[in-house]
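Chain by chain, the residues:
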Amino acid sequence: MLDAQALTGRSRSHVQEFVLPDGSHFLAHAQAGEALLALKAAAHAEGIELAIASAYRSFEDQARIWQRKWHGERILLDAQCRPIDHACLAPDALVETILEWSALPGASRHHWGCEFDIYDRAAMPSDYELQLIPSEYASDGIFAALTAWLDANMARFGFFRPYDIERGGVHPEPWHLSWAPLSVPALAALSPDVLRECITGADLAGKEAILAKLESIYARHVCRVASPAFALPAPPTI
Ligand SMILES: [Zn+2]
């Protein structure tokens, strides 16, 4: 089981580097990374080049995104993707707005090493710029074949999509895969107390506003996720 440091991205002792044949690399928990490589090999046999846009991210990685948005150095979008004037937002509203499209540091599933944002490199023209938006993964989108193949095959490798539909928390992310044997126990272990201890001890902009509504953030942005629709194998030895 991941400890509190690993659950909140403050340690990387639970992840290792995977180097792919094309020279790219990613950080992931050993067992989750192996499962992803097996998924990738099976996809390859069907003409799909499963590539990784993001795997493990540390607390510091997520905090950098958070701080830039807090200080107005990075564009803020509302739930409908319309830009919002940073100067108009009081701290509480600023926290809510950042959470529309970015995870709270310490509360990102990417801290666990078993979460992957993926796309199909074989489907992309050489000049195509990856956006990671739902329309790319829809039945008429550039990654439609990837979506259909994952729908039929990912469960037998232990993967599911936690952000499958709108649940009033994190918006749908059809590119985000989770390896259930690790992520299901990780979600159960990431309690409000673990998250509060992490934020309380962090040097993070907006800390007071975050702590004032931490239970609500936890309920909406951590807990409102899909569960895998398959039985879990025996838990891995970590
Ligand atoms: Zn993701």
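Look up: the structure comes first, before these words.
Residues numbered from 1 in each chain as written. Predicted model: local features only at pLDDT ≥ 70, side-chain atom pairs only at ≥ 80, totals over all residues. Heavy atoms only, no water.

Draft legend 1. Structural detail: the nonpolar core. Of all hydrophobic cores here, the largest spans 63 residues; its most connected members are Phe26, Leu39, Trp66, Leu104, Phe116, Phe159 and Ile210. Contacts of Ile210, omitting those with residues within four sequence positions, involve Trp66, Val95, Leu104, Ile199, Leu204, Ala205 and Ile217. (Core = buried A, V, L, I, M, F, W, Y, C linked by side-chain atoms within 4.5 Å. Buried < 20%, exposed > 50% of the residue type's maximum accessible area, 1.4 Å probe, protein only. Contact = heavy atoms within 4.5 Å.)

Draft legend 2. Geometry of the packing of aromatic side chains. Considering all chains together, one arrives at six aromatic pairs under this definition. When the centroid spacing of 6.0 Å and the interplanar angle of 85° are considered together, the rings of Phe26 and Phe116 count as edge-to-face. With a gap of 90 residues between them, Phe26 in strand 2 (residues 25-28) and Phe116 in strand 4 (residues 115-120) connect regions that are remote in the sequence. Here Phe26 matches Phe116 in class, with each residue buried. Between Tyr137 and Phe143, the ring centres sit 5.0 Å apart and the planes meet at 55°, which makes this aromatic pair tilted. An aromatic cluster of three or more residues is present, and its members are Phe18, Phe26, Phe116 and Phe159. (Phe/Tyr/Trp six-rings, centres within 6.5 Å; stacked < 30°, edge-to-face > 60°. Helix = DSSP H or I, 4+ residues; strand = E, 2+ residues; numbered from the N terminus.)

Draft legend 3. Up close: the pattern of salt bridges. Here the structure, examined in full by the defined rule, presents eleven salt bridges. With its nearest N and O atoms 2.8 Å apart, the salt bridge here joins Asp22 to Arg121. Here Asp22 is found in the loop between strand 1 (16-19) and strand 2, whereas its partner Arg121 is found in the loop between strand 4 and helix 5 (134-137), with 99 residues between them in sequence. Judged by its relative accessible area of 40%, Arg121 is partly exposed. (Salt bridge = Lys/Arg side-chain N within 4 Å of Asp/Glu carboxyl O.)

Draft legend 4. Region of interest: the sheet that holds strand 4. Spatial ordering of the open sheet is given by 3-4-6-5, a layout of four strands whose pairing is antiparallel. Because the sheet does not close on itself, it has two edges, and the strands there are strand 3 (50-54) and strand 5 (159-160). In this sheet, strand 6 (residues 176-179) lies alongside strand 4 in antiparallel orientation, the contact comprising three bridges. Paired with Glu115 across the strands is Ser178, a residue of strand 6. (Pairing = 2+ DSSP bridges.)

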